[in-house]
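Listed here are the chains, written in short residue letters.
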Amino acid sequence: MDSFNLSEDIKVVCVTAKHFPEDVERAHIQLHAMLPEKEKRRFFGISRANEEGQIVYKAAADLIEPGEAEKYGLETFTIKKGTFNTFYIKNFMEDTSRIRQAFQILLGQPEIDPLGYCLEWYIGENDVKCMVPLDEKHSHFTGVATE
């Protein structure tokens, strides 16, 4: 486990998976199909439990043009800057259960933000950085914003 400081907010556009985990890949495929200029974007997965304890998962990508969310009928979300605990997983598709295992460990840490979320940052086509924000008392994390 490592620590990572995200130095600026990242505004993203999102597609919410209908069911977790069955529709996660479908949400990413849908998002990729809708957006132009994929080579200029970073791709993410954002998840957290709702009031009923069900996981809500959003496939996300950098918002790079004003009005893009409206143009493509997408949701928006702001990944807030701050300090995160992380695991870097190489070749995650060889065994996707490693993502779940990484988040189980990350979520078990006492310093995480109780209002935070799980963040997957896809690096290239093969790797993913699993991230969970730290509580303000343990870092300079500024909270979570949804729009």
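Here, every reference points to the structure presented above.
Every value quoted in this text rests on a predicted model; they were computed, and no experiment measured them.

Turning to the overall build of the protein, a few remarks are in order. A tally of regular secondary structure across the protein gives three helices and nine strands. Across the protein, helices and strands are ordered from the amino to the carboxyl terminus as β-β-α-β-β-α-β-β-α-β-β-β. Relative to its length of 147 residues, the protein is compact, with a C-alpha radius of gyration of 15 Å against a globular reference of 15 Å. For the protein, the spread of C-alpha atoms along the three principal axes comes to 40 × 35 × 35 Å. Taking the contacts inside the protein whose residues are at least 6 apart along the sequence as the reference set, 68% of them involve residues at least 24 apart. Roughly 8,400 Å² of accessible area belongs to the protein as shown, and the carbon and sulfur atoms make up 51% of that amount. Here the protein contributes 17 positive and 25 negative side-chain charges, whose respective centroids are spaced 2 Å apart.

Here we come to the pattern of salt bridges. Applying the stated criterion across every chain yields a total of six salt bridges. Its salt-bridge partner being lysine 40, residue glutamate 37 comes within 2.7 Å of it at the nearest N-O pair. A salt bridge links arginine 42 to aspartate 62, with the nearest nitrogen and oxygen atoms 3.0 Å apart. Here the residue arginine 42 occupies a position in the loop between helix H1 (24-34) and strand E3 (43-49), and aspartate 62 occupies one in strand E4 (residues 55-62), the gap between them amounting to 20 residues. Residue aspartate 62 is classed as buried on the basis of its relative accessible area, which comes to 6%.

Counting residues in each nonpolar core, the largest one holds 25 residues, and the members touching the most others are Leu31, Ile89, Ile99, Phe103, Val128 and Cys130. If you list the elements that add at least two residues to this core, you get strand E2 (10-16), H1, E4, helix H3 (97-107), strand E7 (118-123) and strand E8 (127-133). Setting aside its immediate chain neighbours within four residues, valine 128 contacts Phe87, Tyr88, Ile89, Phe92, Ile99, Glu120, Trp121, Tyr122 and Ile123. Counting 14 residues, the second largest nonpolar core, distinct from the first, contains Cys14, Phe77, Leu119 and Met131.

So, on to the packing of aromatic side chains. What describes a pair of aromatic rings is the distance from one ring centre to the other and the angle between the planes of the rings. Within the structure shown, the criterion is met by five aromatic pairs. Residues phenylalanine 20 and tyrosine 57 carry aromatic rings whose centres are separated by 6.0 Å and whose planes lie at 25 degrees to one another, so their mutual orientation is stacked. Of this pair, phenylalanine 20 sits in the loop between E2 and H1 while tyrosine 57 sits in strand E4, placing them 37 residues apart in sequence. Owing to a relative accessible area of 1%, tyrosine 57 belongs among the buried residues under this scheme. A ring pair is formed by phenylalanine 92 and tyrosine 122, whose centres lie 5.4 Å apart and whose planes are at 55 degrees; its orientation type is tilted. Here phenylalanine 92 is found in the loop between strand E6 (82-89) and H3, whereas its partner tyrosine 122 is found in strand E7, with 30 residues between them in sequence. Tyrosine 122 matches phenylalanine 92 in its accessibility class, with the two residues each being buried. Of the aromatic side chains, those joined through ring pairs into one cluster are Phe4, Phe44 and Trp121. Positioned above the aromatic ring of phenylalanine 4, the side-chain terminus of lysine 129 is 3.9 Å from the ring centre.

The rules we used
Residues numbered from 1 in each chain as written. Predicted model: local features only at pLDDT ≥ 70, side-chain atom pairs only at ≥ 80, totals over all residues. Heavy atoms only, no water. Helix = DSSP H or I, 4+ residues; strand = E, 2+ residues; numbered from the N terminus. Rg over C-alpha atoms; globule rule 2.2 N^0.38 Å. Contact = heavy atoms within 4.5 Å. Areas by Shrake-Rupley, 256 points an atom, 1.4 Å probe, with all protein chains shown as cover. Lys, Arg positive; Asp, Glu negative; His and termini not counted. Charge placed at Lys NZ, Arg CZ, Asp CG, Glu CD. Salt bridge = Lys/Arg side-chain N within 4 Å of Asp/Glu carboxyl O. Buried < 20%, exposed > 50% of the residue type's maximum accessible area, 1.4 Å probe, protein only. Core = buried A, V, L, I, M, F, W, Y, C linked by side-chain atoms within 4.5 Å. Phe/Tyr/Trp six-rings, centres within 6.5 Å; stacked < 30°, edge-to-face > 60°. Lys NZ or Arg CZ within 6 Å of the ring centre and 35° of its normal.

It is worth stressing that arrangement in space is one thing and function is another; only the former is reported here.
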